[in-house]
Amino acid sequence: MNSSETLVDPGSSRADLLLVNGMVLTLDPDGRRFDPGAVAILNGQIAAVGPAERVAADFRAARTLDVGGCVVLPGLINAHTHAAMTLFRGLADDLPLMEWLQQHIFPAEAKLTEEWVYWGTLLACAEMIRSGTTTFCDMYLFEHKVAEAARTAGMRAVVGEVLYDFPSPHYGPIENGLRFTESLIERWKEDPLIRIAVEPHAPYTCSPSLLARCNDIALRHRVPLIIHLSENEAEVEQVLSRYGRRPVAHLEDIGLLGPHLMADHCVALDERDLELLAERGVHVVHNPESNMKLASGVAPVPKLLERGVNVALGTDGCASNNNLDLFGEMDTCAKLHKAATLNPTAMPAETVLRMATAGGARALGMEGRIGELSAGRLADLIVVDFRKPHLVPVYNPISHLVYAARSSDVRHAVIHGRLVMEDRKLLTINVDEVMQRVRGIARTIKP
C-alpha cells in the first residue's frame, strides 16, 4: 500500500512521537498496511499513518522509535475482566461455576478493602500492558480504586461497580450502590482515559426492578450497560424457573436489550436468543478460556457473527482464567471454534484479531476513537517484535499474531499518545512494589 493520511499539512509538521520502519497494520475497514510504515502521534492522537519514508519526511518528532522488524497495530481491548481478582489467582481452581462463586469467591470478596482493590488492579494493569492490552472493561467492587489504578498506570478503562440485590462488601444496600454509580459517572465524566458504565451482575442476582433502574441510569447518562448473561445452562434453568423466560427473553421483557448493552459470556443460547441479540443490536463479549476452565460450555460465536452481532473478546478475571493475556485468548478462541464446529475455516485469524480490537471498541462505545490506526484516532497502539525464531518466516502477519505470537513479544505500548512500556520496561508502574504488596495481601486472604 502506498496511500497515506494525515491530520496536518505535510512538510516539517510537529509530532510528539514517531514510530518508523515497522510493518503497520491499520486494521481499518480497508485493511490497509504499510511496510515499511510509520505512525506520527501528536497530543494523544494519531496525526499520520503511511509509508515510512513519506511520514518521516513530513514530521519532526520530539522522540523517534525505530521499530524495524516489528509489527505496529492497534492496542488490544480486553472487553470483560475483573482486574483486582488478580488477588485470587489460583485460589479456587477446578470447581463448577456456582460452587466456585458462592463457596469461594464471594467469601473471599467479603474481606476486600479499597486498598486491596487498588493494588490488585495495578498488578492487572502491569500484566495487561506487558501483554499488549491498552484498554480494559472492568466489573468489580470499589471501582473508584480501579479507576484510580488505571489512571496511575496510564491505561484506558471502562469501569463500573457491580450491582446486585444482596448487600455489597463495599456500599452495603443497593440504594447506596446506585448512588455510588451515579457519583462515579459524575466524577470521571471529563477524564480522557476513564469512562464509567452501569453494571448489574446478572439476571439471577438482580431483580427485574433493579435491572430496570440500572437501565434507566445508563440511558439517562448515555453510558454502557454491562451484564453477565446466559453464562451456563444452570443459570438459564434458574432464570427460567424464577421468571418463566430464558435470560435473554427476560431482559427483552424488562426493556434492557439494545445497542447500549454489553452482554458478557452468552454461552447458553437458543435460536430465539440469537435472533433477539441480533435484532436489538446487543454487543456480546466472548471469554473462551474462562468458559472452558469453568466448563460453562462453548459460546456460539460463529452463529452470532453470521447474524451480524458484534462480538468482542475478554479474559474474565484471574480467578477463572488464570491470566489476562489476550494473545493467548485469541489463539484459544480461534482454535476452540474450529474444534467445536469441526470446521477449520471457522473463526479466521483476522476475525479474531478484529474481535480483540475494533470489536471491543464498538462494544464499549468507542468506535471511531480506538481499535484501528488512522489519522484522528486516539493513539493507542502496540509494537510486536517479529525478530523471533517462532515468528520467522512471515507469510501472513495477522495469522502470526493470532497463532504464533506470544504476549512476551510485545516490545512497546502507547496509550493516548504516551509511551507506557518501552523495550518491555513499564514506565508507569513500579512492578516490584506492586508484587510485594499483593504477596502481603495474599497472606491475609489465605494465611
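Scroll up a little and you will see the structure.
Rules behind the numbers
Residues numbered from 1 in each chain as written. Predicted model: local features only at pLDDT ≥ 70, side-chain atom pairs only at ≥ 80, totals over all residues. Heavy atoms only, no water. Helix = DSSP H or I, 4+ residues; strand = E, 2+ residues; numbered from the N terminus. Rg over C-alpha atoms; globule rule 2.2 N^0.38 Å. Buried < 20%, exposed > 50% of the residue type's maximum accessible area, 1.4 Å probe, protein only. Areas by Shrake-Rupley, 256 points an atom, 1.4 Å probe, with all protein chains shown as cover. Lys, Arg positive; Asp, Glu negative; His and termini not counted. Charge placed at Lys NZ, Arg CZ, Asp CG, Glu CD. Disulfide = S-S within 2.5 Å. Salt bridge = Lys/Arg side-chain N within 4 Å of Asp/Glu carboxyl O. Pairing = 2+ DSSP bridges. Axes fitted to C-alpha atoms, helices over the stretch in contact; angles between N-to-C directions.

Peer 1: Hey, could you go over the overall build of the protein chain for me, with residue numbers and the actual values?
Peer 2: Within the protein chain, the regular secondary structure consists of 15 helices and 19 strands. In terms of overall size, the protein chain behaves like a compact globule, its C-alpha atoms giving a radius of gyration of 21 Å where 447 residues would be expected to give roughly 22 Å. Looking at the protein chain as a whole, 62% of its 447 residues are labelled buried. Carbon and sulfur atoms form 50% of the exposed surface of the protein chain, whose accessible area is close to 16600 Å². Computed over 44 positive and 56 negative side-chain charges, the separation of the two mean positions in the protein chain equals 4 Å.

Peer 1: Can you tell me about the state of the cysteines, naming the residues and giving the values?
Peer 2: For the structure shown, the criterion picks out zero disulfides. Residue Cys214 stays outside any disulfide, its sulfur separated by 6.2 Å from that of Cys206, the closest cysteine. Residue classification places Cys214 among the buried positions, given a relative accessible area of 0%.

Peer 1: Could you give an account of the pattern of salt bridges, with specific residues and numbers?
Peer 2: The final tally for this structure, using the stated rule, is 29 salt bridges. Across the pair Glu279 and Arg280 runs a salt bridge whose closest N-O atoms are separated by 3.9 Å. The class for Glu279 is partly exposed, based on a relative accessible area of 49%. What you see here is one network of salt bridges that share partners, running through Glu252, Arg272, Glu275, Glu279 and Arg280.

Peer 1: Break down the sheet that holds strand 14 (residues 283-286) for me, citing the residues and quoting the values.
Peer 2: If you trace the four strands from one edge of the open sheet to the other, you get 12-13-14-15, paired in parallel fashion. Both outer strands of the open sheet, strand 12 (225-229) and strand 15 (311-313), are each paired with one neighbouring strand and no more. Pairwise comparison of adjacent strand axes, ignoring direction, gives a mean angle of 30 degrees for this sheet.

Peer 1: Would you mind going over unusual backbone geometry in detail, with residue names and values included?
Peer 2: Look at the link from Asp35 to Pro36: it is a cis peptide, with omega at 0 degrees. By secondary structure assignment, the location of Pro36 is in strand 3 (residues 33-42). Cis peptide bonds are those with omega within 30 degrees of zero, and the linkage from Val392 to Pro393 qualifies with -5 degrees. The residue Pro393 is located in the loop between strand 16 (381-385) and helix 14 (397-403) in this model. One non-glycine residue, Asp94, adopts positive backbone phi at about 65 degrees. Mapped onto the elements of the fold, Asp94 is located in the loop between strand 7 (76-81) and helix 2 (97-109). Residue classification places Asp94 among the exposed residues on the basis of a relative accessible area of 69%. Positive phi is not limited to glycine here, since Asp316 has a value of about 65 degrees.

Peer 1: Tell me about the pairing of strand 16, and name the residues and values.
Peer 2: Counting buried positions along strand 16 gives five out of five residues, so the element sits mostly inside the fold. Sheet topology places strand 6 (residues 70-74) next to strand 16; five bridges connect them, and they run antiparallel. The residue bridging Val72 from the neighbouring strand is Val383, located in strand 16.

These figures capture arrangement, not role.
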